[in-house]
Amino acid sequence: LLLAASLIVSLSACAANRTNGDLALAQSLAEEPVSGFNFTRLQGWQALGDSHLIVQVAGKRAYLLTLSHPCLELDYQIQIGLSSFGSRVQAGFEYVLVPDDIGSHARLERCRIHKIQPIAIRALDQARAELRKK
């Protein structure tokens, strides 16, 4: 039992270190904040802890989103949504939408988007590949 508990703690620490490394890398490649972006379709996303995520939208554009408060269990979600006004996601007004119960869309946790930064997703992928080689 003690061995299993220490293994779980070790695995959690590895996951946290990987997430922190991905966040630091993403922040180093992110551009200056913008007020918002046009949004028609979410093509992909990656949680970087519970207060940051990268979203990829139509047109091969990607953004690093910083949330105004932690979004519980964001990194364990299968799917998320984004609120928008018309077809625009605005920092300070829109939300990342996360189901409260797995598989249930009856209740959504709303996590306000505090900051939006464009990010070159190809540069991020290349930097990750270089780190894996080392």
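Residues numbered from 1 in each chain as written. Predicted model: local features only at pLDDT ≥ 70, side-chain atom pairs only at ≥ 80, totals over all residues. Heavy atoms only, no water.

What about the overall build of the chain?
Part 1: Looking only at helices and strands, the chain has 2 helices and 8 strands in total.
Part 2: Order of helices (α) and strands (β) in the chain, N terminus to C terminus: α-β-β-β-β-β-β-β-β-α.
Part 3: Within the chain, contacts between residues separated by at least 24 positions form 54% of all contacts whose residues are at least 6 apart in sequence. (Helix = DSSP H or I, 4+ residues; strand = E, 2+ residues; numbered from the N terminus. Contact = heavy atoms within 4.5 Å.)

Some words on the sheet that holds strand E3 (residues 52-57)
Part 1: Ordered in space as E2-E3-E4-E8-E7-E5, the 6 strands form an open sheet in which the pairing is antiparallel. In this open sheet, the two edge strands, each paired with only one partner strand, are strand E2 (42-47) and strand E5 (81-82).
Part 2: Pairing geometry for E3 and strand E4 (residues 61-67), over 6 bridges, is antiparallel. Among the inter-strand pairings, Leu-53 is bridged to a residue of E4, identified as Leu-65.
Part 3: Along the sheet, helix H2 (residues 121-133) makes contact with E2, E3 and E4, crossing E3 at roughly 125°. (Pairing = 2+ DSSP bridges. Axes fitted to C-alpha atoms, helices over the stretch in contact; angles between N-to-C directions.)

Thoughts on the side chain of Ser-83
Part 1: Checked against the element boundaries, Ser-83 lands in the loop between E5 and strand E6 (88-90).
Part 2: Given the relative accessible area of 16%, Ser-83 is considered buried.
Part 3: A distance of 2.8 Å separates a polar atom in the side chain of Ser-83 from a polar atom in the side chain of Glu-94.
Part 4: A polar contact of 2.7 Å, which involves the side chain of Ser-83, links it to the backbone nitrogen of Tyr-95.
Part 5: If near-sequence neighbours (up to four positions away) are discounted, Ser-83 is found in contact with Val-89, Glu-94, Tyr-95 and Leu-97. (Buried < 20%, exposed > 50% of the residue type's maximum accessible area, 1.4 Å probe, protein only. Polar contact = N/O pair within 3.5 Å; in protein donor to acceptor, adjacent residues only side chain to side chain.)

A closer look at the packing of aromatic side chains
Part 1: Enumeration over the complete set of coordinates arrives at 1 aromatic pair.
Part 2: Ring centres of Phe-37 and Tyr-63 lie 4.2 Å apart, and the angle between their planes is 10°; on these two criteria the pair is classed as stacked. Remark: Tyr-63 occurs in strand E4 and Phe-37 occurs in strand E1 (residues 36-38); sequence separation between them is 26 residues.
Part 3: Judged by relative accessible area, which is 2%, Phe-37 ranks as buried.
Part 4: For Tyr-63, a relative accessible area of 6% translates into the label buried.
Part 5: Geometry around Tyr-95 places Arg-110 over its ring, the cationic atom sitting 3.9 Å from the centre. (Phe/Tyr/Trp six-rings, centres within 6.5 Å; stacked < 30°, edge-to-face > 60°. Lys NZ or Arg CZ within 6 Å of the ring centre and 35° of its normal.)

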